[in-house]
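Structure at a glance
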Amino acid sequence: MTDSDLHPYVEWIAREARRPVVVDPAARERVMAAVRAEPLPRPQSTVWGRLLRPRAFTLSPVGGALLAAGLVGIGVLGGTLAINRDGQSTVGQPPVAVAPRLPVSHSTTDTVVRFVYLAPQADKVYLVGDFNGWDTTKTPLSRAGDGSWTVTIPLSAGRHVYGFVVDGSWAADPHAPRAPDDGFGHANSVKLVRRGSSL
Amino acid sequence: MTLSIRRGFRASVVAASLLFASTLSAQDGDPLAKLENNRYAFDLILDSAMAAGIPTGPLLSKAREGIAKKIDSRKIVEVVRKLFGELRIAHAALGGVGEQELSAAATLLEAGAKPSQLELFRPRQKGRSDLTAFIVWTDFLSRSIPNEEASSAIAKLWRDGADDEIFQSLWTNVKGDISQGLNPGTALQNRIRETPGRASPAPGKPPEGQENQSSR
């Protein structure tokens, strides 16, 4: 096939392409009727539509890092404060409530108990036990005139284990039942509090 | 390019600082954080206790006691693990009792009592708590009274229906005799002979603790 052979075909194609297409006016109407019959897309509600509409926003690297760090911090704090080891919620309580089962509440059913320790030469004496979370500075004793140290605190009914810290050294209560040294090198004392009395 | 590397570096520093501050803040509220590398082992013990139905209060308290006494964290975990074992034994011997009694019984085992000696206290008696008996018994063992003597004395009083006041009176007298220089075992033997087993009942009122109860 040569160029001279192609020429009549090219001319024929061009002629056919230039010829206007005659469309049946009824066909146009049928197409438009079908389009009008299609249900219109439901417009989204104004509020939800705005909220759910995807959008793009820009964030600087510093902003992104701050946002990520903030989320991690919230997660760490929330996880630490909201649930303790016993699976009990501590929301609304101070973050030190790690051992919530320890009897630290001062309810109206508590019994007021007086602790006395004789140490005329001591400078500082503290009462430390399960009732104050074994805090070595939370419950100081006051010096009395006869060389003894005293403190009066409310305790819930039950068995309490405790000791005294006398100028930094642990000491058992000589007037209370003993508990054996279980490996910490210091024997404890035991106070059994009943409603209105104590052992 | 250089600008973006600088920005990335600064962002990393800020993020690390915030994360560090958050971690510190979380640790401030957790005294048990001082267990440091042994915290995981401690948590495992707590998990085991919860799975076995053992209260975790005594274990948490023991850990806090160790921290207050500035004991090495490894030693604390060792003591807590031992306590967990004693709580389990006490639980098996006594059945379903309260946390306080279980803790007192575990301390009693630590002092030298045998698990089989606890089984006498397994039947629950209405209006009667074995807390005082356990505390007095533990004290006797801590004062070098032989376990067999202490055990038989406490068991006799318990079977005879002794109440808290009788146990308390026995403890006061024996402690006084020991401080006077009497042999601890002899002091107990002397005092147990003169101790009434049963409290005098109030007129028209049945003695406490004589009704059996299936559970507490």
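Not measured: the values here are computed from a predicted model. By convention here, each chain's residues receive numbers from 1 onward along its written sequence. Think of it this way: whatever chain is written first is A, whatever ligand is written first is 1, and the rest follow in order. At least 70 in pLDDT is required for a residue's local features to be given in this predicted model, at least 80 for side-chain atom pairs to be given and counted, and no such filter applies to totals for whole chains, interfaces and linings, which use all residues.

Helix and strand assignments follow DSSP, with helices taken as H or I runs no shorter than four residues and strands as E runs no shorter than two, numbered in order from the N terminus. Check the secondary structure of chain B and you find ten helices and two strands. Mapped from its N terminus to its C terminus, chain B presents α and β elements in the order α-α-α-α-α-α-β-α-α-α-α-β. In chain B, which comprises 216 residues, the proportion classed as buried is 36%. The contacts in chain B between residues at least 6 apart in sequence include a share of 70% that link residues at least 24 apart. Any residue whose C-beta has 12 or fewer other C-beta atoms within 10 Å is treated as exposed, any with 20 or more as buried, and any in between as partly exposed, C-beta atoms being built from the backbone. A pair of residues counts as a contact when their C-beta atoms, built from backbone coordinates, are separated by no more than 7 Å.

Here the focus is the nonpolar core. Residues and elements named next belong to chain B. In these notes, a nonpolar core means any group of buried Ala, Val, Leu, Ile, Met, Phe, Trp, Tyr and Cys residues linked to one another through C-beta atoms within 7 Å. Membership of the largest hydrophobic core comes to 69 residues, with the highest contact counts inside it found for Val 80, Ala 90, Ala 105, Val 136 and Trp 137. Per-element tally for this core: the top contributor is helix H4 (residues 73-94), with ten residues. Each of domain 1 (34-105) and domain 2 (123-216) accounts for three or more of the residues forming this core. Dropping the residues within four chain positions of it, Ala 90 is found in contact with Leu 102, Ala 105, Ala 106, Leu 109 and Leu 118. Segmentation into domains, and thus their bounds, comes from an automatic or database assignment.

Attention now moves to the environment of Leu 170 of chain B. All names here are of chain B. By the element assignment, Leu 170 lies in helix H9 (residues 164-179). A residue is classified by how many C-beta atoms lie within 10 Å of it, and Leu 170, with 23 of them, is buried. For Leu 170 and Thr 195, which are 25 residues apart along the polypeptide, the C-alpha to C-alpha distance reads 7.0 Å. If we ignore the near neighbours within four places in the chain, the residues touching Leu 170 are Val 136, Arg 191 and Thr 195.

This part covers the sheet that holds strand E3 (residues 142-143) of chain A. Residues and elements named next belong to chain A. Reading across from one edge, E1-E4-E3 is the order of the three strands in this open sheet, with antiparallel pairing throughout. Each edge of the open sheet is held by one strand with a lone partner, namely strand E1 (111-118) and E3. In this scheme, strands are said to pair when DSSP sees at least two bridges between them. Relative to strand E4 (residues 148-155), E3 runs antiparallel, the two being bridged by two bridges. Counted as the bridge partner of Arg 143 is Trp 149 from E4.

As a further point, take the packing of helix H8 (residues 147-159) of chain B against helix H10 (residues 184-194) of chain B. Residues and elements named next belong to chain B. Closest axis-to-axis distance for the H8/H10 pair is 10 Å, and the angle between their directions is 20 degrees. With respect to H10, the axis of H8 lies roughly parallel. Note on packing geometry: the crossing formed by H8 with H10 is left-handed. Of the residues in H10, those touching H8 at Glu 149, Ala 150, Ala 153 and Lys 156 are Gly 185, Leu 188, Gln 189 and Ile 192. Residues were grouped as follows: Ala, Val, Leu, Ile, Met, Phe, Trp, Tyr, Cys and Pro as nonpolar; Asp, Glu, Lys and Arg as charged; and all remaining residues, including Gly, as polar. Residues that form the contact of H8 with H10 fall into these classes: four nonpolar, two polar and two charged. Fitted lines through C-alpha atoms give the axes, limited to the stretch in contact for helices. The angle between two N-to-C directions lies from 0 to 180 degrees. Every angle not falling under 35 degrees, over 145, or within 65 to 115 is termed oblique; those three ranges are roughly parallel, roughly antiparallel and roughly perpendicular. Left-handed describes a crossing in which the near helix is turned anticlockwise from the far one by less than a right angle; the clockwise case is right-handed.

Looking now at helix H7 (residues 131-142) of chain B. Residue and element names in this part refer to chain B. Working rule for helices: expected span equals 1.5 Å times residues minus one. For H7, which comprises twelve residues, the first-to-last C-alpha distance of 16 Å matches the rise-based estimate of 16 Å (1.5 Å per residue) to within 8%. Where burial is concerned, most of H7 is hidden: twelve out of the twelve residues are buried. All buried positions along H7 are accounted for by Leu 131, Thr 132, Ala 133, Phe 134, Ile 135, Val 136, Trp 137, Thr 138, Asp 139, Phe 140, Leu 141 and Ser 142. Positioned one or two residues after H7, Ser 144 has a phi angle of 70 degrees, which is positive.

Each pair of packed helices can be described by the angle between their axes along with the distance between the axes. Residue and element names in this part refer to chain B. Two numbers describe how H4 lies on helix H5 (residues 99-111): the axes approach to 8 Å, and their chain directions differ by 110 degrees. With respect to H5, the element H4 is oriented roughly perpendicular. Like other packed secondary-structure pairs, H4 and H5 cross with a definite hand, here right-handed. Residues Leu 83, Glu 86, Leu 87, Ile 89, Ala 90, His 91 and Leu 94 of H4 pack against Glu 101, Leu 102, Ala 105, Ala 106, Leu 109 and Glu 110 of H5. Residues of the contact of H4 with H5, tallied by class, amount to nine nonpolar, one polar and three charged.

This next bit is on the confidence of the model for chain A. All names here are of chain A. Scored from 0 to 100, pLDDT records how confident the predictor is in each individual residue. This prediction gives chain A a mean pLDDT of 78; 74% of its residues lie at or above 70. Mean pLDDT per element in chain A: strand E9 (residues 197-198) is the minimum at 62, and strand E2 (residues 125-129) is the maximum at 97. Taken together, the stretch residues 83-107 has pLDDT below 50 and engages in 41 contacts with residues farther than four places along the chain or on a different chain.

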